[in-house]
2 protein chains.
Amino acid sequence: MEQLRIPGPTPCPDEVLQAMSRQMINHRGPQFAQILADVTTKLKQLFQTKGDVFLLTGSGTGGLEAAIVNTLSPGDTVLSVSIGVFGERFAAIAEKFGAELIPLRFEWGKAADADAVRQALKAEPKIKAVLVTHNETSTGVTNDLAAISSVVKEFDKLLLVDAISSLGSINLPVDDWHCDVTITGSQKGWMVPPGLAMVSVSQQAWQAHQKARMPRFYWDFAKAKSYLEKGETPWTPVISVVFALSVALDMILKEGLANVFARHAQVGKAAREGVKSLGLPLFAEESHASNTVTAVAAANGLDSKKMLKILREEHQVILAGGQQKLDGKIFRIGHLGWVTESDIEAVISALKIVLPQAGFRSS
Amino acid sequence: MEQLRIPGPTPCPDEVLQAMSRQMINHRGPQFAQILADVTTKLKQLFQTKGDVFLLTGSGTGGLEAAIVNTLSPGDTVLSVSIGVFGERFAAIAEKFGAELIPLRFEWGKAADADAVRQALKAEPKIKAVLVTHNETSTGVTNDLAAISSVVKEFDKLLLVDAISSLGSINLPVDDWHCDVTITGSQKGWMVPPGLAMVSVSQQAWQAHQKARMPRFYWDFAKAKSYLEKGETPWTPVISVVFALSVALDMILKEGLANVFARHAQVGKAAREGVKSLGLPLFAEESHASNTVTAVAAANGLDSKKMLKILREEHQVILAGGQQKLDGKIFRIGHLGWVTESDIEAVISALKIVLPQAGFRSS
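Rules used in this analysis
Just so you know, the residues in each chain are numbered from 1, in the order the chain's sequence is written. Whichever chain is written first is A, and whichever ligand is written first is 1; the rest continue in order. Totals for whole chains, interfaces and linings use every residue, but because this is a predicted model, local features are given only for residues with pLDDT of at least 70 and side-chain atom pairs only at 80 or more, for both listing and counting. The side-chain numbers reported here are obtained from all heavy atoms of the structure, hydrogens and water having been left aside. Labels follow the DSSP assignment, with helices taken as runs of H or I lasting at least four residues and strands as runs of E lasting at least two, numbered in each case from the N terminus. Based on C-alpha atoms, the radius of gyration is set beside the globule rule, defined as 2.2 Å times the residue count to the power 0.38. Working definition: with a 1.4 Å probe on protein chains only, accessible area under 20% of the residue-type maximum means buried, over 50% means exposed, and in between means partly exposed. We call two residues contacting when some pair of their heavy atoms lies within 4.5 Å. Here, Shrake-Rupley sampling with a 1.4 Å probe gives the accessible areas, and only protein chains in the shown set may cover a residue. Note that His is not counted, nor are the chain ends; the positive residues are Lys and Arg, and the negative ones are Asp and Glu. All charge positions are set by atom: Lys at NZ, Arg at CZ, Asp at CG, Glu at CD. The copies were overlaid by least squares, fitting only the C-alpha atoms of residues that reach a pLDDT of 70 or more in each copy. By definition, a salt bridge exists where a carboxyl oxygen of Asp or Glu is found within 4 Å of a side-chain nitrogen of Lys or Arg. Here the buried area means the combined drop in accessible surface, using a 1.4 Å probe, for two parts upon being joined, counting both sides. Any N or O atom pair separated by 3.5 Å or less is treated as a polar contact, with the protein-specific requirement of one donor-capable and one acceptor-capable atom, and with residues adjacent in sequence counted only for side-chain atom pairs. Three categories are distinguished: nonpolar for Ala, Val, Leu, Ile, Met, Phe, Trp, Tyr, Cys and Pro, charged for Asp, Glu, Lys and Arg, and polar for the others, with Gly belonging to the last. Every axis corresponds to a line fitted to the C-alpha atoms, with the helix fit spanning only the stretch in contact, and the corresponding angles, defined between N-to-C directions, vary from 0 to 180 degrees. Every angle not falling under 35 degrees, over 145, or within 65 to 115 is termed oblique; those three ranges are roughly parallel, roughly antiparallel and roughly perpendicular. Each helix crossing is assigned a hand: it is left-handed if the near helix lies turned anticlockwise from the far helix by less than a right angle, otherwise right-handed if that turn is clockwise. Pairing between strands is defined by DSSP: at least two bridges between the two strands are required. Stacked, edge-to-face and tilted labels apply to pairs of Phe, Tyr and Trp rings (six-membered ring for Trp) whose centres lie within 6.5 Å, assigned for plane angles under 30 degrees, over 60, and everything in between, in that order. Charge over a ring is defined by NZ of Lys or CZ of Arg lying within 6 Å of the ring centre and within 35 degrees of the ring normal.

Draft legend 1. Focus on the overall build of chain A. The secondary structure content of chain A amounts to 12 helices and 14 strands. Its C-alpha radius of gyration of 20 Å places chain A within 12% of the 21 Å reference for a compact globule of 363 residues. Within chain A, the fraction of its 363 residues that count as buried is 65%. For chain A, contacts bridging at least 24 residues in sequence account for 73% of all contacts bridging at least 6. For chain A, the computed accessible surface area is about 12500 Å², with 49% contributed by carbon and sulfur atoms. Looking at charge distribution, chain A has the averaged site of its 37 positive side-chain charges lying 3 Å from that of its 37 negative ones.

See the structure below:
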């Protein structure tokens with residue numbers, strides 16, 4: 001069997017896949033209303049929030065767009081804290097919809113520095129919102145969101161958090177950390193196929209929503225809220241993925257959120273130790289290395305594209321390459337969702353065989 | 001087993017549901033690239049177009065938003081031809097994104113009149129695009145799109161077509177009818193769960209795209225095109241629904257497009273004849289009655305909400321109610337996708353029993 005070890009989509013347990021093959025039901029009937037209410041309640045528990053949580057049919061990027069257009073107006077000044085591809089994407093969306101960006105970029109592979117965020121907020125009082133990536137999938141770095149959030153709230157700014165590849169896998173207490181909009185995607189730690197973005201919305205985000213004038217229709221949180229009150233979504237939802245999510249949430253709650261986080265921490269550590277044991281350098285600074293994805297520098301002559309191809313074709317191990325300026329320079333091991341230490345051991349064993357075949361010289 | 005006879009989501013054949021339970025694969029790998037290329041080629045055949053066709057992860061309404069934001073600029077004048085809820089929705093999206101609307105509304109239950117479209121286009125040369133619903137799901141009316149298109153192209157305007165509940169079930173030769181953007185949704189005649197919008201884009205639409213300044217990111221056709229060229233989608237797609245669509249397209253092609261249309265025409269006729277045999281009036285004018293959804297007036301004392309509840313609870317037959325101002329005034333039978341005449345006979349038989357229980361007095 002193929003071992004899919006990319007940072008999403010992630011492999012789904014059998015029970016989840018079985019739920020995907022359930023026959024369609026009326027999305028405006030009592031049966032769906034019941035499932036939607038149940039899923040929403042459980043998601044609030046896992047988001048650790050008493051605020052609103054909505055299911056949006058779309059990719060995680062759609063959820064990012066939703067966060068922007070529901071809280072901002074054209075001309076609003078936004079501080080964009082970016083440590084990689086997905087931080088840049090979040091900023092690009094805001095810019096497309098007319099926000100004035102103040103980019104605060106950190107070297108790829110490093111985490112954002114909360115003190116630099118404070119300096120930026122101090123320097124420009126017009127800033128209305130701060131965009132931040134909790135876990136940067138492109139570099140394998142987890143930002144210290146608690147510290148950043150604390151700074152953002154010193155200045156009472158809106159905090160929009162891309163938690164697509166962290167929520168449900170790495171601790172992110174949405175209310176305690178005052179996240180105003182938090183976005184995740186079904187195909188990450190949730191062990192569910194892609195197709196759903198899940199977002200939380202705080203009271204402060206609702207206040208911003210009232211004044212926000214960026215154009216929105218499909219992603220409008222107000223529509224999501226008014227339909228949820230009657231047990232529906234505004235537009236036909238991706239029903240099968242909601243069925244699957246319902247099963248996966250029960251599995252997560254049964255394992256226990258703290259245990260899920262601990263498992264990810266263990267698996268993340270196993271990935272990092274395994275990579276280092278092969279003589280390959282980690283790309284991310286280790287103090288902020290992600291527990292859901294490990295980025296590895298293609299050092300010592302390694303042709304990472306050749307390596308990925310051999311792994312795929314001869315070992316059925318699927319890893320991810322680098323994105324944009326990291327293309328060919330790193331590769332990435334996804335370890336979020338339905339994953340154990342022995343899954344990572346299998347990846348490391350395959351790498352051990354393939355690395356020398358792909359030009360790698362151990363020193 | 002439940003008989004789901006709403007105008008989408010529609011029931012899915014077993015083979016399609018089985019495809020939904022397939023394990024995840026890398027959406028940026030060669031396997032997905034192959035499926036995406038194959039599905040796109042087959043969709044072009046069924047859209048009857050040589051233009052571009054894209055898969056967008058989202059509901060049909062997302063596809064409508066995509067059509068608007070990819071071709072228009074704020075301030076553009078748009079003629080909105082509306083015969084029901086979905087015509088109004090298409091217009092509302094355009095307005096939200098800053099278009100100047102010229103509404104051309106027809107009585108609900110009636111089709112749009114091509115000559116009135118001509119008069120409107122003659123009266124206002126500033127009109128840039130015409131929005132039209134091919135099949136209005138809320139009223140069960142199919143517009144004469146060939147006639148409307150011919151008028152729109154007399155004036156060389158852009159034609160944006162909501163074909164969500166018609167394409168693949170009712171003939172719509174996209175190129176012959178010069179549709180610039182055509183939108184459909186997986187959960188309609190395609191026999192696939194919801195989660196995918198499919199859109200065609202003509203050369204004229206691409207010319208409009210170059211000048212279009214409405215903000216867009218998630219729905220951007222240019223991104224869809226550049227990624228499709230390398231066998232990918234810009235954002236993580238709803239992989240399972242693409243698997244399912246791949247199976248369903250083969251079924252449709254095997255049956256043959258002309259046969260699929262003929263079957264829908266037969267089933268539509270059976271629904272209308274059946275309803276009339278019960279002594280209930282059709283809501284839509286019969287000359288333009290839809291072959292995918294039949295709207296029925298709740299006449300002669302019929303409490304349609306009570307009827308829908310009894311049908312659901314005691315007969316496992318799921319029909320749809322009326323929307324907005326038609327709430328409680330009509331009910332609707334969906335007959336698109338995986339449906340036969342005997343399925344409709346079963347609905348009519350159940351109605352025969354339930355109607356008198358819900359206040360209906362046959363005259």
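More follows now that the structure is in view.
Draft legend 2. Region of the structure containing the relation of the copies chain A and chain B. Mapping chain A onto chain B calls for a rotation angle of 180 degrees and an axial translation of 0.0 Å; the resulting RMSD is 0.0 Å. As the rotation angle and translation indicate, the two copies are arranged about a two-fold axis.

Draft legend 3. Layout of the pattern of salt bridges. In total, this model carries 36 salt bridges over all chains according to the counting rule given. A salt bridge links Lys 276 of chain A to Glu 273 of chain A, with the shortest nitrogen-to-oxygen separation between them at 3.8 Å. Within this pair, Lys 276 of chain A and its partner Glu 273 of chain A are both found in helix H10 (residues 257-277), separated by three residues, close to a single helical turn. The partner of Arg 216 of chain B in a salt bridge is Asp 220 of chain B, with the nearest N and O atoms 3.5 Å apart. Residue classification places Asp 220 of chain B among the buried residues on the basis of a relative accessible area of 8%. Each of the salt bridges in this network shares a partner with another, and the network as a whole consists of Asp 38, Lys 42 and Asp 250 of chain A.

Draft legend 4. Region of the structure containing the interface of chain A and chain B. Between chain A and chain B, the residue contacts involve 50 residues of the former and 50 residues of the latter. Approximately 4000 Å² of surface area, both sides summed, lies buried where chain A meets chain B, with 65% of it carried by carbon and sulfur atoms. Of all residues in chain A, the largest losses of buried area upon contact with chain B belong to Gln 23, Met 24 and Phe 217 of chain A, amounting jointly to 15% of the total for that side. In this assembly, chain A and chain B are joined by zero salt bridges. Connecting chain A to chain B are eight residue pairs in polar contact (both at pLDDT 80 or more). At the level of secondary structure, the elements contributing two or more residues to the side of chain A that touches chain B comprise helix H1 (14-20), helix H2 (30-47), helix H3 (60-71), helix H4 (85-96) and helix H9 (239-255) of chain A. By residue number, the principal contributor to the side of chain A that touches chain B is H4 of chain A, which donates four residues. When its residues are assigned to classes, the side of chain A that touches chain B shows 27 nonpolar, 16 polar and seven charged.

Draft legend 5. View of the packing of H10 of chain A against helix H12 (residues 341-357) of chain A. All names here are of chain A. Viewed as axis vectors pointing N to C, H10 and H12 meet at an angle of 20 degrees, and their least axial separation amounts to 9 Å. As judged from the angle between their axes, H10 and H12 are roughly parallel. Crossing hand, H10 versus H12: right-handed. Across the interface between the two elements, Gln 266, Val 267, Ala 270, Ala 271, Gly 274 and Val 275 from H10 touch Glu 341, Ile 344 and Ile 348 from H12.

Draft legend 6. Spotlight on the sheet that holds strand E8 (residues 158-162) of chain B. All names here are of chain B. Strands sit in the order E2-E10-E9-E8-E5-E3-E4 across an open sheet of seven strands; the sheet is mixed. Of all strands in the sheet, those with a lone pairing partner are strand E2 (52-57) and strand E4 (100-105), marking the two edges. Averaged over all pairs of adjacent strands, the angle between strand axes in this sheet comes to 20 degrees, irrespective of strand direction. Against the sheet, helix H3 (residues 60-71) contacts E2, strand E5 (127-133), E8, strand E9 (181-185) and strand E10 (196-201), and its axis sits at roughly 165 degrees relative to E9. Against the sheet, helix H8 (residues 221-229) contacts E2, E9 and E10, and its axis sits at roughly 105 degrees relative to E2.

Draft legend 7. Up close: the packing of aromatic side chains. Taken as a whole and assessed by the stated rule, the structure comprises 15 aromatic pairs over all chains. With centroids separated by 6.3 Å and ring planes inclined at 20 degrees, the aromatic side chains of Phe 47 of chain A and Trp 190 of chain A adopt a geometry described as stacked. Separated by 143 residues along the polypeptide, Phe 47 of chain A in helix H2 and Trp 190 of chain A in the loop between strand E9 (181-185) and strand E10 (196-201) bring together distant segments of the chain. For the pair Phe 47 of chain A and Trp 190 of chain A, one class covers both residues: buried. Aromatic rings pair up to connect Phe 217, Tyr 218, Trp 219 and Trp 235 of chain A together with Phe 217, Tyr 218, Trp 219 and Trp 235 of chain B into one cluster. Taking NZ or CZ as reference, Arg 22 of chain A lies 4.0 Å from the ring centre of Phe 243 of chain A, over its face. Taking the ring centre of Phe 217 of chain A as reference, the NZ or CZ of Lys 223 of chain A above it sits at 4.0 Å.

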